[in-house]
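Geometric and topological summary
Letter by letter, the chains look like this.
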Amino acid sequence: MRVLASAPAKIILFGEHSVVYGKPAIAAAIDLRTYVQARFNDNGAIKIEARDIKTPGLTVSFSEDEIYFESDYGKAAEVLSYVRQAIELVRDEADRSRGVTVSITSQIPVGAGLGSSAAVAVATIGAVSKLLGLELSNEEIGRLGHRVELLVQGASSGIDPTVSAIGGFIHYEGGRFERLPFMELPVVVGYTGSSGSTKELVAMVRRTYEEMPEIVEPILTAMGKIVEKARDVLLSDIEDGVRFQKLGRLMNINHGLLDALGVSTKKLSELVYAARTAGALGAKITGAGGGGCMYALAPEKQSEVATAITIAGGTPMITKISREGLRIE
Ligand code: MEV
């Protein structure tokens, strides 16, 4: 028996980092997916094969007592710790003695702020739980994905695994989500080509917060207010042109505050300004920052903005919002 599951990447539209402090955030699933196939093996071990994980980096392969990693890419080793934790959690719930092999292929660049770790955790939980005969809803799988992130990263809001499991648009706050109405947003994602570690960036913001709470707390509060305004704009019955203008302004303010927290880089800022200059109504970091991706809202200007991102040295991706979260293929 084999089970193939897939889960999507995500963009955080508003509220990354502040969401770790209990403030709200808005995220959407996008149409890049990670595929995980799970099957039994005879030696009771966990085996992970990851031959096609898209990331720049060195070649590493290593093995542990019970766990064999086969991977062509260095940064993939970090991803595999999410996979291993996901399999162990599911085996704890079902049957620890069964040997499980998973094979991973992914369209999502690793460390790009597009939720590659959450997508691989969610797809792994989906495939392995089905293989072991557990009936879990996508919502429950999102919660297990959050547990995986907490075990691997130490700190996580849970927004990435939730949106990857559920799909569409969500407003997320304090571990609870609200589905927002589906709409097509004319976005362009720009990849810097370098990766940031979510774990390290979240820890860096925490250190700044602890050092200067009187400065950082108002920044986080303002980010939360931006999210609530953006939610009102997304839910209000206004013309799309006006909606996009308002969202764009909020994106630009959110980007400035993320920069103030220290999670932007020269390259991210260059892509953000290139997109704005080419006509985007708003542009900001998406995800943890420190490299990774930005996104721009560019109605009727997607190809101009994509070109500007390329000229500025980034890789543009014109993506669509994905209605679907985790699915068994
Ligand atoms: C990462 O995609 C988003 C962060 O806010 C971390 C988290 O919410 O767990 C930086």
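Predicted, not measured: the structure shown is a model, and the values here were computed from it.

What follows deals with the domain arrangement of the protein chain. Assigned domains of the protein chain: these are domain 1 (2–179) and domain 2 (187–317). The interface of domain 1 with domain 2 comprises 30 residues on the first partner and 43 residues on the second. Of the roughly 2,800 Å² buried between domain 1 and domain 2, counting both surfaces, carbon and sulfur atoms make up 65%. When residues of domain 1 are sorted by the area they lose upon contact with domain 2, F14, H17 and Y21 head the list and together hold 27% of the total. Linking domain 1 with domain 2 are three salt bridges, by the criterion used here.

The next thing to look at is the nonpolar core. Counting 95 residues, the largest nonpolar core has L13, F14, V102, L114, L185 and M294 as its most contacted members. Viewed by domain, this core spans two of them, domain 1 (2–179) and domain 2 (187–317), each represented by three or more residues. Among the nonpolar cores identified, the runner-up in size contains ten residues, and A25, A27, I159 and I166 belong to it.

This paragraph deals with the site of the ligand. Taken together, 13 residues surround the ligand, and among them K10, H17, V19, S157 and D160 come closest. In the environment of the ligand, an oxygen atom lies 2.6 Å from a nitrogen or oxygen atom belonging to the side chain of S157. Contacts to the ligand include D160, whose side-chain N or O atom sits 2.8 Å from an oxygen atom. Elements supplying a minimum of two residues to the shell around the ligand: strand 1 (2–14) and helix 4 (159–166). A per-class count over the shell around the ligand returns six nonpolar, four polar and three charged.

Attention shifts here to the packing of helix 7 (residues 240–261) against helix 8 (residues 266–277). At a minimum axis distance of 12 Å, the contact between helix 7 and helix 8 shows a crossing angle of 165°. By the angle between their directions, the pair helix 7 and helix 8 is classed as roughly antiparallel. The two elements helix 7 and helix 8 cross, and the hand of that crossing is left-handed. Facing helix 7, whose interface residues are N252, H255 and D259, helix 8 presents S269, V272 and R276. Tallied by class, the residues present in the contact of helix 7 with helix 8 amount to one nonpolar, three polar and two charged.

The rules behind these values
- Residues numbered from 1 in each chain as written.
- Predicted model: local features only at pLDDT ≥ 70, side-chain atom pairs only at ≥ 80, totals over all residues.
- Heavy atoms only, no water.
- Domains from an automatic or database assignment.
- Contact = heavy atoms within 4.5 Å.
- Buried area = accessible area lost by both parts, 1.4 Å probe.
- Salt bridge = Lys/Arg side-chain N within 4 Å of Asp/Glu carboxyl O.
- Core = buried A, V, L, I, M, F, W, Y, C linked by side-chain atoms within 4.5 Å.
- Buried < 20%, exposed > 50% of the residue type's maximum accessible area, 1.4 Å probe, protein only.
- Near = heavy atom within 4 Å.
- Polar contact = N/O pair within 3.5 Å; in protein donor to acceptor, adjacent residues only side chain to side chain.
- Helix = DSSP H or I, 4+ residues; strand = E, 2+ residues; numbered from the N terminus.
- Nonpolar A, V, L, I, M, F, W, Y, C, P; charged D, E, K, R; others polar.
- Axes fitted to C-alpha atoms, helices over the stretch in contact; angles between N-to-C directions.
- Parallel < 35°, antiparallel > 145°, perpendicular 65-115°, else oblique.
- Left-handed = near helix turned anticlockwise from the far one by under 90°.

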